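Per-entry structural report
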Amino acid sequence: MDLGLGDLLSSTVRSPQVVADEEVTVAAHAWRGPGFTLPSPRAVRIVADGKKHTEKGFRLYVMAPEELANLEKRKPFRDVPSFEGLKVHSFDKTETLPAGSWCVVVHNSENLLQTMVVHLRVVVDPA
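Since the model is a prediction, treat every value here as computed from it, not as a measurement. (Residues numbered from 1 in each chain as written. Predicted model: local features only at pLDDT ≥ 70, side-chain atom pairs only at ≥ 80, totals over all residues. Heavy atoms only, no water.)

**A look at unusual backbone geometry**
Rules: For the purposes of this entry, the term helix denotes a DSSP run of H or I that reaches at least four residues, the term strand denotes a run of E that reaches at least two, and both are numbered from the N terminus.
Non-glycine residue His-53 carries a positive phi angle of around 60°. For His-53, the location among the structural elements is in the loop between β4 (42-52) and β5 (58-63). In this structure, Lys-87 takes a positive phi of about 55° despite not being glycine.

**Some details on the pairing of β4**
Side chains on a regular strand alternate between the two faces of the sheet. As a reminder, the rule being used: One requirement defines pairing of two strands: DSSP has to find at least two bridges between them.
Pairing of β4 with strand β7 (residues 90-97), which is carried by 8 bridges, proceeds in the antiparallel orientation. Counted as the bridge partner of Ala-48 is Phe-91 from β7. Pairing geometry for β4 and strand β9 (residues 116-124), over 8 bridges, is antiparallel. Its bridge partner being in β9, Val-44 is matched across the sheet by Val-124.

Here it is, written out as structure tokens:
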């Protein structure tokens, strides 16, 4: 079968896929965030912007779903270091993740009493 140049380009160029674009409300010392699955290694852009009660910062992690249990039990966990944000007010990073299932975790680590709001946007194959 003969493929033309247009066919080759359309088979290799991927459109951006928005996995999440939402206001995430996180109680004090809790965490929330979306999960997604990549069928092959893909570029992923994560943008987090503190909107309410984030003056002291928050933590952002990307990890495999099986690591969430360790986070929840306050045990050591493994995350993707290039996507780690500690005490950040905002975060914007694009990196390639391997194939598999992933979770983006927004952790309200710095507030003792207040629920915070963070706008979270996750895009696979960003333009």
